[in-house]
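For reference, the chains in residue letters:
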Amino acid sequence: MQKKKVAVFHTGGTISMKKDADGGVNVQENNPLLNSVLDTAELVEELIFGVPSPQMTEHTMAALASAIKKKLSSDNFDGVVVTHGTDTMEETAYFLDITVPSDTPIAITGAMRSTNDLGSDALFNYQSAIRVAMSDGAKGMGTMVVFNEQVHAARSVIKTHATNLAGFQSPGSGPIGYISPREVVFGRALPPRTHYEVDGITKNVLLVKAHAGINSTVFDALEALAEKKGQYPIDGLVVEAFGAGNIPAWIVECLQKVESRGVPIVLATRCIDGQAQGLYDYSGGGKALKTRQVKSIVYSNGLTGPKARLKLAILLEKTKDPKEIEAEFTKYS
């Protein structure tokens, strides 16, 4: 039987690292997974980056998306695998999910333990991602995070543990599939996704997380920078608010100043499940903000702050109209 053809993009992360004698985990000159002996598929590998995932940015994500699209247009591939560090994996997965318009499955994976660590999950997760990428059931599923025998949709997955092998979960929805020794099983299909054509990211979107006692320091700094440089330093703002989208009353004026600068604002929740919405009507509550205090504010439609930030940055490449942005955030993407 002819082997299926899978394009592999190595970007770095723990899955490509080794532990030294002192116990420190670090980047290797040569990726240990490159040219691994895996006879399940015909692998066409590319070492596109070699960095820890905290060094990934929306710019490197855009470059990765462009490389994947170029590869898929050049040959017939049954699937794509991306190896990646875990710290920003959910963000890269989401970016690829909404910018690579292909039914070819993209499986992104990594490891919580380096390749030479006791009980390393690196090779197992890599093999699992290859199996998912070439699975017939994965077609049309977009970008998926494959980890610890589970398959997660890019939109819903988050890293929930700093070091545990079961480090990724999809709060509220759960995994979309499972990997058994014999097969890859998908339990449900996903709604059609909206894709956005983007060559690169040029806009600066700030993410601010609410916390008890949050004050105006960050917003005052934005105003000071605007006065010093003659232009406002950000193009968009995402606020990870409390609960159902609430902020303290004394932050409302700060958001109104941002709004007056013509900067789109998206409201997410810092909770790992649920979403920001028009529920509370006190000053700073999600409903009060939207109906009378910062009327151009947009709810993130369940996206986490980091993912909402990426989506807003992508949308700002085409428009800064709050109504157009709001319309896109209501879509499944």
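Predicted model only: the values in this text are computed from it and were never measured. (Residues numbered from 1 in each chain as written. Predicted model: local features only at pLDDT ≥ 70, side-chain atom pairs only at ≥ 80, totals over all residues. Heavy atoms only, no water.)

Peer 1: Could you give an account of helix α5 (residues 249-260), with specific residues and numbers?
Peer 2: The terminal C-alpha atoms of α5, which comprises 12 residues, lie 18 Å apart, in line with the 16 Å expected from a rise of 1.5 Å per residue. Within α5 the residues assigned to the buried category are Ile251, Val252, Cys254, Leu255 and Val258. The buried side chains of α5 occupy one side of the element, clustering within an arc of 165° when seen end-on. Among the exposed residues of α5, those oriented more than 90 degrees off its buried face are Trp250, Glu253 and Ser260. Where α5 is buried, its residues contact α4 (217-229), β14 (236-241), β15 (265-269) and α6 (286-293). Two residues or fewer past α5, glycine 262 is found with a positive phi of approximately 80°. (Helix = DSSP H or I, 4+ residues; strand = E, 2+ residues; numbered from the N terminus. Expected span 1.5 Å × (residues − 1). Buried < 20%, exposed > 50% of the residue type's maximum accessible area, 1.4 Å probe, protein only. Arc of directions from axis to C-beta. Contact = heavy atoms within 4.5 Å.)

Peer 1: Can you break down the environment of alanine 226 residue by residue, with the values?
Peer 2: Mapped onto the secondary structure, alanine 226 falls in helix α4. Given the relative accessible area of 7%, alanine 226 is considered buried. Placed 60 residues apart in sequence, alanine 226 and glycine 286 show a C-alpha to C-alpha distance of 28 Å. Ignoring sequence-local partners within four residues, the contact set of alanine 226 consists of Gln231, Tyr232, Pro233 and Arg261.

Peer 1: Describe the nonpolar core, listing the residues and the values that go with them.
Peer 2: Counting 46 residues, the largest nonpolar core has Ile68, Val82, Phe95 and Phe329 as the members making the most contacts within it. Not counting residues up to four positions away in its chain, the partners in contact with isoleucine 68 are Phe9, Val80, Val82, Leu96, Val100 and Ile106. Val6, Ala111, Ile130 and Ile179 belong to the second largest nonpolar core, which has 26 residues in total. (Core = buried A, V, L, I, M, F, W, Y, C linked by side-chain atoms within 4.5 Å.)

Peer 1: I'd like a description of the layout of surface pockets, backed by residues and values.
Peer 2: Of the pockets and cavities examined, the largest pocket occupies roughly 350 Å³. In terms of lining, the largest pocket is formed by 20 residues, of which the most central are Arg155, Ser156, Pro171, Ser173 and Gly302. For the lining of the largest pocket, a count of residues per class yields 9 nonpolar, 8 polar and 3 charged. Empty space within the second largest pocket amounts to approximately 260 Å³. For the lining of the second largest pocket, the secondary structure elements donating two or more residues are α2 (89-99), β9 (158-159) and α7 (305-316). (1 Å grid on protein atoms, 1.4 Å probe; cavity = no way out; pocket = protein on both sides within 12 Å on 5 of 7 lines; lining within 4 Å. Points joined across faces, edges and corners; volume = space filled by probe spheres on them. Nonpolar A, V, L, I, M, F, W, Y, C, P; charged D, E, K, R; others polar.)

Peer 1: Hey, could you go over the packing of aromatic side chains for me, with residue numbers and the actual values?
Peer 2: All told, the structure shown has 2 aromatic pairs when counted by the stated rule. Here the aromatic rings of phenylalanine 147 and phenylalanine 168 are separated by 4.8 Å at their centres, their planes lie at 50°, and the arrangement is tilted. Of this pair, phenylalanine 147 sits in strand β7 (residues 143-147) while phenylalanine 168 sits in strand β10 (residues 168-169); the two residues are 21 residues apart in sequence, bridging distant segments of the chain. Ring centres of tyrosine 280 and tyrosine 282 lie 5.7 Å apart, and the angle between their planes is 45°; this geometry places the pair in the tilted category. (Phe/Tyr/Trp six-rings, centres within 6.5 Å; stacked < 30°, edge-to-face > 60°.)

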